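Spelled out from the first residue to the last, the chains are:
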Amino acid sequence: MNLNLVTLLVIGCVSLFTLARGERAPASIMEQTVQGMIDRLTPNLQDKIIISIPEVKEPDFFEISQPEDGKIKIEASDGVAAASGYHYYLREYLHAAIGWIEFNLDNARKVDTLPKLAQTIRKDRFKKWTYYMNQTVASYTTPWWTWKDWEKHIDFMATRGINMPLMFVGQEYIWAKTFMEFKMTLDDLKPFFAGPAFLAWQRMGNIRGWGGPLTVEWMTDQLKLGRQVYDRMRAFGMKPVLPAFAGHVPARFEEVWNPDDITRSDSVLSQFFPESQCCVRFLEPTSPLFTQIGESFIRNLIKYYGPTDHLYNGDLYNEMIPASNDPNYLARVSNLMMDSMMAADPDAIWVLQGWTFYFGKEFWGQKEIAAHLD
């Protein structure tokens, strides 16, 4: 199947609501989203629990009250706070709970008359952001998930107050479109993309091609699924963290462009794989091509996923060691990484994960970390 033809198929996957970048979902959408979750999980309570979210955003809170009609009213600052209030009520008053895997809701589903609240309950969020997941979840846990799995897990996230989840579903289609803008073909990408169960380490630049290749049909289906996941997260009021370009390119890229600033990734996994499936080409941020690819990728993210919340994850040295410990070099590459994101999104925020520094703690001393984050 031709990738340009597939574009026509996925363009039709539009968002249920349109936002400018960085804007939260309308209060009415968040209310509908939380009410929809209540209907799915405890259908007997769908008319007994009322969700109210003010249009003017207040500091994060939820408030549970019981008007004279006996219903439960949950007023909250956004959809995540409202979902948290719902779970609080389930746990404290209906002896039910929503877990990471199991939803223990039998008691709540048997309720006919809601118990009386002694008083109104208000809880204020004490931390603005609750970040969730890392890159390897995409292979350890979710590679074969369908929308049914993701819908359930997003419900879990919302009820646990998670408002900044990593959202990596469907990115291979966007990588393919981006690399094709730089003279790559689908055949060039076959030995680059790993199979679904190994994508986490390929995205990190540790391996290439292992368990692949990916089909265009699979990438297209994942893009459609990614749009569903992304839209539902934002409909709750979450701010998903999307991927960014971190320098990893197909081997064919080196042959076509012959850039000066390209090396082989120094991954601890290299010793376990043949040369054809390790030693990923790493385009240094010092190359002008790095900024061009990074900008193009984020523009394509926006094209296919819609407006973003300016949050992008791209770890340059995940389980790898930089080419130099010179503080000037470490500072320069991080600044260039920011430049590549801001070229497409001037309000971009770079989200790094601390695993890089812990895994490579023999390299990353206080001086090196300070230079890289300056």
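In what follows, the structure referred to is the one given above.
Scope of this entry: the structure provided in the associated data block. Each residue is numbered by its place in its chain's sequence as written, counting from 1. Since the coordinates come from a predicted model, pLDDT governs what is reported: local features require at least 70, and pairs of side-chain atoms require 80 or more to be given and counted, while whole-chain, interface and lining totals use all residues. The side-chain figures draw on all heavy atoms in the structure; neither hydrogens nor water molecules are used.

1. Details of the sheet that holds strand S1 (residues 49-52)
One open sheet accounts for 4 strands, arranged S1-S3-S2-S6; its pairing is mixed. Where the open sheet ends on each side, the last strands, each with one partner, are S1 and strand S6 (121-124). On average, adjacent strands in this sheet sit at an angle of 15° to one another, irrespective of strand direction. Pairing geometry for strand S2 (residues 61-65) and strand S3 (residues 72-76), over 4 bridges, is antiparallel. Within S3, the residue paired with Ile 64 across the bridge is Ile 74. For two strands to pair, DSSP has to find at least two bridges joining them. Put simply, DSSP marks the helices as runs of H or I at least four residues long and the strands as runs of E at least two long, and each gets a number from the N terminus on. The angle between two axes is taken between their N-to-C directions and runs from 0 to 180 degrees, where each axis is a line fitted to C-alpha atoms and a helix contributes only its stretch in contact.

2. Regarding the packing of aromatic side chains
In this scheme Phe, Tyr and Trp rings, the latter by its six-membered ring, pair at centre separations within 6.5 Å, and the angle between planes marks the pair as stacked below 30 degrees, edge-to-face above 60, and tilted otherwise. A complete count under the given rule lists 23 aromatic pairs for this structure. Plain terms: the ring middles of Phe 62 and Tyr 88 are 5.8 Å apart, the flat faces sit at 50° to each other, and that makes the pair tilted. Of this pair, Phe 62 sits in strand S2 while Tyr 88 sits in helix H3 (residues 79-93), placing them 26 residues apart in sequence. Taken together through their ring pairs, the aromatic side chains of Trp 175, Phe 179, Phe 192, Phe 193, Phe 245, Phe 290 and Phe 297 make up a single cluster. Against the face of Phe 61 rests Arg 122, its NZ or CZ located 4.2 Å from the ring centre. Only lysine NZ and arginine CZ atoms are considered, and such an atom sits over a ring when it is within 6 Å of the ring centre and within 35 degrees of the ring normal. The ring of Phe 103 carries Lys 152 above its face, with NZ or CZ at 4.9 Å from the centroid.

3. With respect to the environment of Gln 228
Among the structural elements, Gln 228 can be located in helix H10 (residues 216-235). Relative accessibility decides the category of a residue: with a 1.4 Å probe and only protein chains considered, values under 20% of the type maximum give buried, values over 50% give exposed, and everything between is partly exposed. The class for Gln 228 is partly exposed, based on a relative accessible area of 36%. Sequence-wise, Gln 228 and Trp 147 are 81 residues apart; in three dimensions their C-alpha atoms are separated by 7.5 Å.

4. Notes on the environment of Ala 200
Within the element layout of this structure, Ala 200 appears in helix H9 (residues 199-203). For Ala 200, a relative accessible area of 0% corresponds to the buried category. On a C-alpha basis, the gap between Ala 200 and Thr 136 in space is 5.0 Å, while along the polypeptide they are 64 residues apart.

5. What about the packing of helix H13 (residues 327-342) against helix H15 (residues 366-373)?
Direction vectors running N to C along H13 and H15 enclose 35°, while the axes themselves pass 7 Å from each other. Two packed elements cross with a definite hand, and for H13 against H15 that hand is right-handed. Across from Pro 327, Leu 330, Ala 331, Val 333 and Ser 334 in H13, the residues of H15 making contact are Lys 367, Glu 368, Ala 371 and His 372. Across the contact of H13 with H15, the residue classes tally to 5 nonpolar, 2 polar and 2 charged. Note on convention: the crossing is left-handed when the near helix lies turned anticlockwise from the far helix by less than a right angle, right-handed when the turn is clockwise. Should any heavy atoms of two residues lie within 4.5 Å, those residues are counted as being in contact. Here the term charged refers only to Asp, Glu, Lys and Arg, the term nonpolar to Ala, Val, Leu, Ile, Met, Phe, Trp, Tyr, Cys and Pro, and the term polar to all other amino acids, Gly among them.

6. Details of the layout of surface pockets
Of the grid points, spaced at 1 Å and generated over the protein atoms alone, those admitting a 1.4 Å probe that cannot get out make up cavities, while open sets with protein on both sides within 12 Å along at least five of seven lines make up pockets; any residue with an atom within 4 Å of a point is treated as lining. Grid points are joined across faces, edges and corners, and a volume is the space filled by probe spheres set on the points. Volume-wise, the largest pocket comes out at about 400 Å³. Residue lining of the largest pocket: 20 residues in total, with Phe 62, Ser 84, Arg 125, Arg 160 and Gly 161 positioned closest to the centre. Among the elements of the structure, S2, H3 and S6 are those that each provide at least two residues to the lining of the largest pocket. Take the lining of the largest pocket: its biggest share by element is 6 residues, from H3. Here the lining of the largest pocket is composed, by residue class, of 6 nonpolar, 6 polar and 8 charged.

7. Description of the sheet that holds strand S12 (residues 281-283)
Spatially, the 3 strands line up as an open sheet ordered S10-S12-S11, and their pairing is antiparallel. Single-partner strands in this sheet number two, and they are strand S10 (248-249) and strand S11 (262-264). For S11 and S12, the ladder comprises 3 bridges, and the chain directions are antiparallel. Paired with Arg 264 across the strands is Arg 281, a residue of S12.

8. Structural notes on the pairing of S1
Residues in a regular strand project their side chains so that they alternate between the two faces of the sheet. Of the two faces of S1, only one is covered, namely that formed by Ile 49 and Ile 51; the face formed by Ile 50 and Ser 52 stays uncovered. Inspection of the sheet shows S1 paired to S3 by 4 bridges, in the parallel sense. Looking across to S3, one finds that Ile 50 is bridged to Lys 73.

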